[in-house]
Amino acid sequence: MEKQFFDLEYFDLKLDTDHIGRHFVYASEVTSTNNFLLDERKKYSQNGTVLLAEFQSEGKGRKQRQWHSQPNANLTFSILLTDPALLSANPNIINLATSLAVAVSIENLYQLRTELKWPNDVLIDSKKVAGILLESVSRGKRIERLVIGIGINVNQTAFQSKFNIEPTSIRNETGQKVDRERLLAEFLNCFEEQLSYVKRSPSNILKSWKLKCRMIGERITITDDDFVKHGIFDDIDNNGFLLLKTDGKDEVMKFGDVSLR
Ligand code: BTN
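This one's a predicted model, so the numbers in the text were calculated from it and none came from an experiment.

Time to look at the overall build of the protein chain. When helices and strands are tallied, the protein chain shows seven helices and 12 strands. Against the 2.2 N^0.38 benchmark of 18 Å for 261 residues, the protein chain shows a C-alpha radius of gyration of 18 Å, consistent with a compact globule. Oriented by its inertia axes, the alpha-carbon framework of the protein chain measures out at about 55 × 45 × 30 Å. Expressed as a percentage of its 261 residues, the buried residues of the protein chain come to 40%.

Glancing now at the domain arrangement of the protein chain. Domain boundaries in the protein chain define domain 1 (8-211) and domain 2 (219-260). A separation of 25 Å is found between the C-alpha centroids of domain 1 and domain 2. Opposite the 11 residues of domain 1 that make contact, domain 2 presents seven residues. Among the secondary structure elements, those contributing two or more residues to the side of domain 1 that touches domain 2 are helix 4 (91-110) and helix 7 (202-211).

Looking now at the site of the ligand. Around the ligand there are 20 residues in total, and Ser32, Gly61, Gly131, Gly149 and Gly151 lie nearest to it. Counting only elements with at least two residues in the shell around the ligand, the list comes to helix 2 (33-38), strand 3 (75-81), strand 6 (127-139) and strand 7 (142-152). For the shell around the ligand, a count of residues per class yields five nonpolar, 11 polar and four charged.

Time to look at the packing of helix 4 against helix 6 (residues 180-200). Running from N to C, helix 4 and helix 6 point in directions that differ by 140°, and their axes come no closer than 8 Å. Relative to helix 6, the element helix 4 is oriented oblique. Regarding helix 4 and helix 6, the two cross each other, and that crossing is right-handed. On helix 6, the residues that touch Ile93, Ile94, Ala97, Thr98, Leu100, Ala101, Val102, Val104, Ser105, Asn108 and Leu109 of helix 4 are Arg182, Leu183, Glu186, Phe187, Cys190, Phe191, Gln194, Leu195, Tyr197 and Val198.

Attention shifts here to the sheet that holds strand 9 (residues 227-236). If you trace the five strands from one edge of the open sheet to the other, you get 11-10-9-8-12, paired in antiparallel fashion. Looking at the sheet topology across the chains shown, the edges are occupied by strand 11 (249-253) and strand 12 (257-260). Mean inter-strand twist for the sheet, computed between neighbouring axes without regard to direction, equals 50°. Across four bridges, strand 8 (residues 219-224) lies against strand 12 in antiparallel orientation. Bridging across to strand 12, Ile222 finds its partner in Val258.

Direction of pairing for strand 1 (residues 24-30) relative to strand 2 (residues 49-56): parallel, over a ladder of six bridges. Across the sheet, Phe24 pairs through a bridge with Val50, a residue of strand 2. Chirality of the crossover, the property in question, places the unit of strand 1, helix 2 and strand 2 among those that are right-handed.

So, about the sheet that holds strand 5 (residues 121-124). Ordered by their spatial adjacency, seven strands build an open sheet running 1-2-3-7-6-5-4, and the pairing between neighbours is mixed. Unpaired on one side and paired on the other, strand 1 and strand 4 (114-117) mark the two borders of the sheet. Looking at each pair of strands side by side, their axes are set apart by 20° on average, direction ignored. In this structure, strand 6 lies alongside strand 7, joined through 10 bridges in antiparallel fashion. Bridge pairing in strand 7 places Leu134 opposite Ile148.

Here the focus is the nonpolar core. If you look at the biggest cluster of nonpolar residues, it comprises 63 residues, and the most contacted ones within it are Ala97, Leu100, Val102 and Ile148. No other element matches helix 4, which puts 10 residues into this core. Lining this core are residues from two domains, each supplying at least three of them: domain 1 (8-211) and domain 2 (219-260). Dropping the residues within four chain positions of it, Val102 is found in contact with Val122, Ala130, Ile150, Ile152 and Phe187.

As a packed pair, helix 4 and helix 7 sit with axes 10 Å apart at the nearest point and diverge in direction by 50°. One element, helix 4, and the other, helix 7, form an angle in the oblique class. When the axes of helix 4 and helix 7 are compared, the crossing they make is left-handed. Contacts between helix 4 and helix 7 involve Ile93, Leu96, Ala97 and Leu100 from the former and Pro202, Ile205, Leu206, Ser208 and Trp209 from the latter.

For residues besides glycine, phi is generally negative; the peptide bonds are generally trans as well. Each neighbour pair has its own omega, and for Trp118 with Pro119 the value is 5°, a cis peptide bond. Note that Pro119 resides in the loop between strand 4 and strand 5. Of note in the backbone geometry, Ser126 takes a positive phi value of approximately 65° without being a glycine. For Ser126, a count of 12 C-beta atoms within 10 Å corresponds to the exposed category. Despite not being glycine, Asp225 has its phi angle at roughly 50°, a positive value. On the secondary structure map, Asp225 appears in the loop between strand 8 and strand 9. Accessibility expressed as a C-beta count within 10 Å gives 9 for Asp225, which makes it exposed.

What counts as what
Residues numbered from 1 in each chain as written. Predicted model: local features only at pLDDT ≥ 70, side-chain atom pairs only at ≥ 80, totals over all residues. Helix = DSSP H or I, 4+ residues; strand = E, 2+ residues; numbered from the N terminus. Rg over C-alpha atoms; globule rule 2.2 N^0.38 Å. Buried ≥ 20, exposed ≤ 12 C-beta atoms within 10 Å, placed from the backbone. Domains from an automatic or database assignment. Contact = placed C-beta atoms within 7 Å. Near = placed C-beta within 6 Å. Nonpolar A, V, L, I, M, F, W, Y, C, P; charged D, E, K, R; others polar. Axes fitted to C-alpha atoms, helices over the stretch in contact; angles between N-to-C directions. Parallel < 35°, antiparallel > 145°, perpendicular 65-115°, else oblique. Left-handed = near helix turned anticlockwise from the far one by under 90°. Pairing = 2+ DSSP bridges. Right-handed = clockwise from strand over helix to strand, strands pointing away. Core = buried A, V, L, I, M, F, W, Y, C linked by C-beta atoms within 7 Å.

Have a look at this one:
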């Protein structure tokens, strides 16, 4: 029989952070871990609070898509940020830092080569292994709570329904069952390190992120609902936006799904 539950003691042993994940909430079922931490009535406010759920009845993806994840097999969790220094940082850089931390933690543990797809997908062999959804609660222009939701396909081996990028899991790529506790701890360790760069050197994040993005320099199509634009993926600017070269000029793209042409 395969182990189904999440071993909190083992996870804690591997966690090496000062703040992130030090307040840890484990739930068997919620609607969405993002919704839960966004809701001020739940009274969670500690910076770095992590909520991990085995099942989400309304798991959300980017652009109103759904996020399906087999219960007890994967990692579906959210991190609450309330540190004013992080809330005043550029959320796009936090977005890039999160995908970078997912990629680095997978590479550290499983010797797999990961790739990053703008704005925040993590791929292995051109298939999607993880997705990220950043959401916030603001008062006026000020962000009060920033919630980073992360779904990593860990031990799921079969995927149903339609996807715009073919999914995979770490188990499918390594052929071995993966320790979710170790991976989550490794990710949170890497994430806390990346957050320190968000505060003191965002250019480091941009530099490392770009090294893992193989689409830069390629001819791409960017789509956002009815909007479709072709061009060359020239670069990522200092705000984390994509620079699309069309007719020799760079155009700043703030949203969209990127695909190779
Ligand atoms: C995407 O690639 O479209 C983003 C997927 C984000 C999924 C995670 S799972 C944990 C958190 N809770 C949610 O409802 N969504 C995010």
